[in-house]
Structures are given as C-alpha cells and as structure tokens.
Amino acid sequence: MSYFRKIVVSAATLLALTSWSAQAKEFRLGLITPPPHIWTKAAEAFGEELSEASGGAHSVSVFPARQLGNEAEMLQQLQTGALDMAFMTVAEVSNRAPELGAFYAPYLADDIGHAGRILRSDTAKSMLEPLPGQVGVVGVGYGMAGLRQIVSRGEINSSEDLSGLKLRITPFTPILDFYNAVGAAPTPMPLPAVYDALANGQVDAIDMDAELIWVLKYYDHADTIVQSDHMMFPMVGLVSAKVWAGLSDDDRAMVAELMAKHVDSTIDSYVEKEAGWLEQIEGTGKAYKKVDASFFGDAIGEWNAIWSEKTSSLDALRETAASTQ
Ligand code: BEZ
C-alpha cells in the first residue's frame, strides 16, 4: 500500500472511530444453537463485520448454546433491554405473535429453495413490522434452518404408526397443532434436551432438521428416518426495541443492514447443504422413507382449518408461495 493510501486509510479509520465513539456499544447476542451450528457462525460473522464497519467502535459478544437461557427467557431479556440482540427461531416469537404461525403451514414450501424465496419476499418482511409494538423487539430479517423431518426409534410405514407416539417438538403452537392432528402425542422439548431424551427412550420420535439429525447424530438412536419435508423452520434476527430506541440513525442503519445480511446468509447455507446431509443420513443404513403431503392424510386439512382462524397472513403467504415456485 502506498504511503498516501495509508494516510487516507488511517484518516478514514480515525474519522470512523471518532464519529462512532460517542455511541460505542458492546452488544450481547444470544442464541440456543451450539457453537458449530450455521446460525452461531453467522452471528459471529455479523459481530466481526459490525466491528469492522464501525471502525472497532462496536463489538458483539455472542452467547451460543443457551448460555443466556432458553428462547422464552431471552425474549423476555430483549423486552427489558437486558439483552441487546438474538438470532431466534420464529417458532418462539410466534408464541407472542401468532400471525407468524402462518409460516408453518404444512407444505407451504415445495423444497428448501422455495422456503428461502418465501422468506425473502415482501410479504414475509411485512410480517415483521408489528413486532416492536407487539413483542418489544425489532425484527431485521429472516434466516432459516432446514425443512422438518421425523426420526423414530421404531418402524414407521404410515402416519398411523405415529399414532400415540411421544414425539418431541420444538415448543410452539403451530407444530403442536400439527402433531395433535396427526394423532401423535407431541412432547414440547427444547433443543439441548433432545439427544438424551431420544437416546434413553423418554421420547419415541423427534421432529428435527437434516443438519442436526446428521451433525448431532440423532440417527444413532433411531430405526427410521422419515424424510417428509413437512415444514419450513425460519429464524429471525432480533434487536431489543429498547436498545434500538437508544441507537443513532446511523447505528440503526448499520446494525439492520449487517444483521439482515448475516441472518439471510443462513438461507444460502441450507439451500446448498440440505441435500448432502439427507444423502448422508440415508447412507447410514437406517430405514429411510421419503413421503409427501399424502402421508399425513387429513391432518393437513385440520391444521389449515385451525390456522386460517388464527392468522390472517396465511392467504398472502400462499399467494407468495405460488408466485415464487
Ligand atoms: C429445534 O428446536 O429443533 C431447533 C432449534 C433451533 C435450530 C434448529 C432446530
């Protein structure tokens, strides 16, 4: 680098430092996923880029693996301003903002790429607008995990085989309604408890995505993997509305742009990797069954009937899904 260019760069850095230092902030960002998970890596990349973009004025400490509590607890901390930021399942947020339950319409997305296109739509973005008033958080954009599959300790040949099974679900209402309609005994359980619960038979089956089935080896304690792809699993980048209110316009713009970029990057990661994980799971030699919506019979109609009463966004999301196929 030439001497002149060095001076220009240093001056720019100094200017950045001076202008940001008045509002320098050490943000804390919580999430429930373990350190190697795609969401955690994206959170760390966001922190690094925010620090660079602010000339080192801002930093982000990332707390993965539920170090700050489960998602319900983190959402409360965001509301009081005790926590600045989170990458959180839309599932948890939908417990406070039921409109977001529309994303879990069974087979709304045809495949993982389609799920990504739905989440990148204006319809999806508009569904974040009420969050500050309704939940006390600002939603800057969506990410996602893989489509949902079923891992079972016993043989599964039809949806009747799910009847009465203690089936682990992420704790949120749309999935509870789905498995109740299927006739299973849905058992809400946070992610960190799942491995032991499946290993020791506390649950008979789990609802899970391909990444975690493969990376955390849930298949080890299973006889059957049902690749059903029955639901998408969105994530949202959140900032406490209280913290947001205290940021300058420049800081808000920078945080929003960079956080949205990094949560969005998770969509590309799942689109790229999902098929590979599924292939590897199939290659384990466990019974592997690919099914579609017909496997679940009337359960899907039942879910649609319940949720068309609970959310007004279902039609708009379906229109968006049709136009992004
Ligand atoms: C789950 O509850 O299954 C889950 C939570 C966060 C990321 C992926 C999966």
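Residues numbered from 1 in each chain as written. Predicted model: local features only at pLDDT ≥ 70, side-chain atom pairs only at ≥ 80, totals over all residues. Heavy atoms only, no water.

Some remarks on the environment of Gly276
And step 1. Looking at the secondary structure, you find Gly276 in helix H12 (residues 249-282).
And step 2. Along the sequence, Gly276 and Trp214 sit 62 residues apart, while their C-alpha atoms lie 9.9 Å from each other. (Helix = DSSP H or I, 4+ residues; strand = E, 2+ residues; numbered from the N terminus.)

Topic: the domain arrangement of the protein chain
The extent of an interface is frequently quoted as the accessible surface area lost upon association of the parts.
And step 1. Here the protein chain is partitioned into domain 1 (3-145 + 234-275) and domain 2 (148-231 + 276-323).
And step 2. One C-alpha centre belongs to domain 1, the other to domain 2; they are set 27 Å apart.
And step 3. Of the residues lining the interface, 27 residues belong to domain 1; the matching set on domain 2 comes to 40 residues.
And step 4. Counting the surface domain 1 buries against domain 2, the share from its top three residues, Pro106, Tyr107 and Glu274, is 24%.
And step 5. Seen at the junction of domain 1 and domain 2, the total is zero salt bridges.
And step 6. Taken together, the links from domain 1 to domain 2 amount to 18 residue pairs in polar contact (both at pLDDT 80 or more). (Domains from an automatic or database assignment. Contact = heavy atoms within 4.5 Å. Buried area = accessible area lost by both parts, 1.4 Å probe. Salt bridge = Lys/Arg side-chain N within 4 Å of Asp/Glu carboxyl O. Polar contact = N/O pair within 3.5 Å; in protein donor to acceptor, adjacent residues only side chain to side chain.)

Topic: the environment of Asp229
And step 1. When you line up the elements, Asp229 lands in the loop between strand S9 (224-227) and strand S10 (233-240).
And step 2. Sequence separation between Asp229 and Ile150 is 79 residues; the distance between their C-alpha atoms is 8.9 Å.
And step 3. Residues contacting Asp229, with those up to four places away along its chain left out, are Tyr107, Leu147, Arg148 and Gln149.

Brief notes about the pattern of salt bridges
And step 1. Considering all chains together, one arrives at eight salt bridges under this definition.
And step 2. Of the charged contacts, one joins Lys25 and Asp84 as a salt bridge, the two residues approaching to 3.6 Å between their closest N and O atoms. Of this pair, Lys25 sits in the loop between helix H1 (3-21) and strand S1 (26-30) while Asp84 sits in the loop between helix H3 (71-80) and strand S3 (85-89), and the two are 59 residues apart along the sequence.
And step 3. Given a relative accessible area of 26%, Lys25 falls into the partly exposed group.
And step 4. For Asp249, the salt bridge is made with Arg252, and the minimal N-O distance between the two is 3.9 Å. Here Asp249 and its partner Arg252 are both found in helix H12, three residues apart, which amounts to about one turn of the helix.
And step 5. A single network of salt bridges, built from pairs that share partners, joins Arg120, Asp264 and Asp268. (Buried < 20%, exposed > 50% of the residue type's maximum accessible area, 1.4 Å probe, protein only.)

Quick notes on H3
And step 1. For H3, the set of buried residues is Glu71, Met74, Leu75 and Leu78. Viewed along the axis of H3, the buried residues span an arc of 105 degrees, placing them on a single side of the element.
And step 2. Where the residues of H3 are buried, they touch S1, S3, helix H4 (90-94), helix H7 (131-135), strand S4 (137-145) and S10.
And step 3. Where H3 begins, one side-chain oxygen reaches toward the backbone nitrogen of Ala72, 3.1 Å away; that side chain belongs to Asn70.
And step 4. Positive phi shows up at Gly81, right after H3, with a value of about 90 degrees. (Arc of directions from axis to C-beta.)

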